[in-house]
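# Chains, contacts and geometry: an overview
Now for the letters of each chain:
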Amino acid sequence: TILYRLSGEEFEGGEVSFTDVKAGSWYEKNVLWAADKELVKGYPDNTFKPNDSIKRSEMVTLLARYIEYKGIRVIPDSDALQSFPDAKAGSFYAKSLETVRKSGLIKGDTAGNFRPDATATRAEAAVLFSRFLDMVALGEELEELKEPHPVIRLDTETGKDVESKEEYILTDFSLT
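Quick summary incoming for the structure in this document. What you see is a predicted model, and the numbers here were worked out from it, not measured in a lab.

## Concerning the overall build of the chain
A tally of regular secondary structure across the chain gives five helices and two strands. Its helices and strands in sequence order give the chain the pattern α-α-α-α-α-β-β, from N to C terminus. When each of the 176 residues of the chain is scored for burial, the buried share is 30%. Long-range contacts, defined as pairs at least 24 residues apart, comprise 64% of the intrachain contacts of the chain with a sequence gap of at least 6. Averaging the coordinates of the 23 positive side-chain charges in the chain and doing the same for the 32 negative ones gives two points 4 Å apart.

## Digging into the packing of helix H3 (residues 56–70) against helix H4 (residues 94–102)
When two helices pack together, their arrangement is given by the angle between the helix axes and the distance between those axes. Running from N to C, H3 and H4 point in directions that differ by 75°, and their axes come no closer than 8 Å. The pairing of H3 with H4 is recorded here as roughly perpendicular in orientation. Side by side, H3 and H4 meet where Val 60, Thr 61, Ala 64 and Glu 68 of the first sit next to Lys 95, Ser 96, Leu 97, Thr 99 and Val 100 of the second.

## Digging into helix H2 (residues 28–36)
If you check which residues of H2 are buried, you get Glu 28, Asn 30, Val 31, Leu 32, Trp 33 and Ala 34. Check the buried side of H2 and you find it contacts helix H1 (2–7) and H3. Glu 38 occupies a position one or two residues after H2 and carries a positive phi of about 60°.

## Some points on the pairing of strand S2 (residues 171–175)
With zero of its five residues buried, S2 lies for the most part at the surface. Pairing analysis gives five bridges linking strand S1 (residues 152–156) to S2, with the strands arranged antiparallel. Looking across to S2, one finds that Ile 152 is bridged to Leu 175.

## Comments concerning the packing of aromatic side chains
With the rule as written, the count across this model stands at eight aromatic pairs. For the pair Phe 92 and Tyr 93, a centre-to-centre distance of 5.4 Å together with 85° between the ring planes defines the contact as edge-to-face. Taking the relative accessible area as the measure of exposure, Tyr 93 reaches 4% and is therefore buried. By the ring-pair criterion, three or more aromatic residues cluster together here, those being Phe 84, Phe 92, Tyr 93 and Phe 114. Of note, Lys 49 hangs over the ring of Tyr 43, and the distance from its end group to the ring centre comes to 4.2 Å.

## Comments concerning H4
Within the span of H4, buried status applies to Ser 96, Leu 97, Thr 99, Val 100 and Arg 101. Gly 104 occupies a position one or two residues after H4 and carries a positive phi of about 80°.

## A word on the pattern of salt bridges
Considering all chains together, one arrives at eight salt bridges under this definition. One salt bridge connects Lys 37 with Asp 36, and the closest N-O pair in it is separated by 3.1 Å. The salt bridge involving Glu 98 is made with Arg 101; its shortest N-O contact spans 2.5 Å. Of this pair, Glu 98 and Arg 101 both sit in helix H4, three residues apart, roughly one helical turn. Judged by its relative accessible area of 38%, Glu 98 falls in the partly exposed class. Taken together, the shared-partner salt bridges in this structure form one network comprising Arg 56, Asp 109, Arg 115 and Glu 124.

## Re the layout of surface pockets
Looking at the largest pocket, its volume works out to about 1200 Å³. For the lining of the largest pocket, the secondary-structure elements that each account for two or more residues are H1, H2, H3 and helix H5 (122–143). Of all the elements, H3 adds the most residues to the lining of the largest pocket, at six residues.

The rules behind these values
- Think of each chain on its own: its residues are numbered from 1, step by step along the sequence as written.
- Under the rules for a predicted model, residues below a pLDDT of 70 receive no local features and side-chain atom pairs below 80 are neither given nor counted, while totals for whole chains, interfaces and linings still include all residues.
- No hydrogens and no water enter the side-chain calculation; it runs on all heavy atoms of the structure.
- Every helix listed is a DSSP run of H or I at least four residues long, and every strand listed is a run of E at least two residues long, numbered separately from the N terminus.
- The cut-offs for exposure are 20% and 50% of the maximum accessible area for each residue type, with area from a 1.4 Å probe on protein chains only; residues under the lower value are buried, those over the upper are exposed, and the others partly exposed.
- Pairs of residues are marked as contacts when any of their non-hydrogen atoms sit within 4.5 Å.
- Two residue types count as positive, namely Lys and Arg, and two as negative, namely Asp and Glu; His and chain ends fall outside the count.
- To locate a charge, the coordinates of NZ of Lys, CZ of Arg, CG of Asp or CD of Glu are taken.
- Fitting a line to C-alpha atoms yields each axis, with helices limited to the stretch in contact; the angle taken between N-to-C directions then spans 0 to 180 degrees.
- For this classification, under 35 degrees means roughly parallel, over 145 means roughly antiparallel, 65 to 115 means roughly perpendicular, and everything else is oblique.
- Between any two strands, at least two bridges found by DSSP are needed for them to pair.
- Within 6.5 Å between ring centres, the rings of Phe, Tyr and Trp (the latter by its six-membered ring) count as paired, and their orientation is classed by plane angle as stacked under 30 degrees, edge-to-face over 60, tilted in between.
- Note on criteria: charge over ring means Lys NZ or Arg CZ within 6 Å of the ring centre, with the direction from the centre no more than 35 degrees off the ring normal.
- Note on definitions: salt bridges are taken to be side-chain nitrogens of Lys or Arg within 4 Å of carboxyl oxygens of Asp or Glu.
- Think of a 1 Å grid over the protein atoms and nothing else: a 1.4 Å probe that fits but is trapped marks a cavity, an open set flanked by protein within 12 Å on at least five of seven lines marks a pocket, and residues with an atom within 4 Å of a point count as lining.
- Grid points are joined across faces, edges and corners, and a volume is the space filled by probe spheres set on the points.

Here it is in C-alpha cells:
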C-alpha cells in the first residue's frame, strides 16, 4: 500500500491471482498493482498472506524491487555497514539487502545484525521509508545539476547547524 501510494500511479486492477486476496478488500488494488509490477510474487501455495506481519527480509525486498522498477539511482552511503553477519548469501533477499544496505537505508541493530526473519515494526518501516524519501529527494537534486559539481556534506557531532564563526563544533566532512 505504501509503495502504491508513493508511486502516484493510477491502476485499474485486474484479476486476483492470490487465493487469499479477497475481491473488494481495501488492499486488493494495492496487491494487484504490486503483483503487476512484479514487486510481489506471493508464496509457493499461491497465497499472499495479507494478514501476516511483514518480515524485515520481505520489506527490504519490496523496497529494492520498487527502486529497480522506478529506475531510482541509489546513492551510496560511505557510512553504510560492509555487511550483516546474519544475512544469508544466496537467499531470496540477498540482492535486495545489498541494494538497500549500500545506500545506508537500513542500518541493522545495535550488534550490526539484519535480523531477516524478525517482524518489521511500524517504527522500522517509518525510518526505512523516511530515509528512502530523503535519498530520492537528494537524487533529484543531484540530477538537476547540469554538470558534475562537488557535493560537500557537513555532519555536526550534535546535529546542530553551524551558525557562528566563533563557536566551534566537531564536524565530519565529506566531499563527493
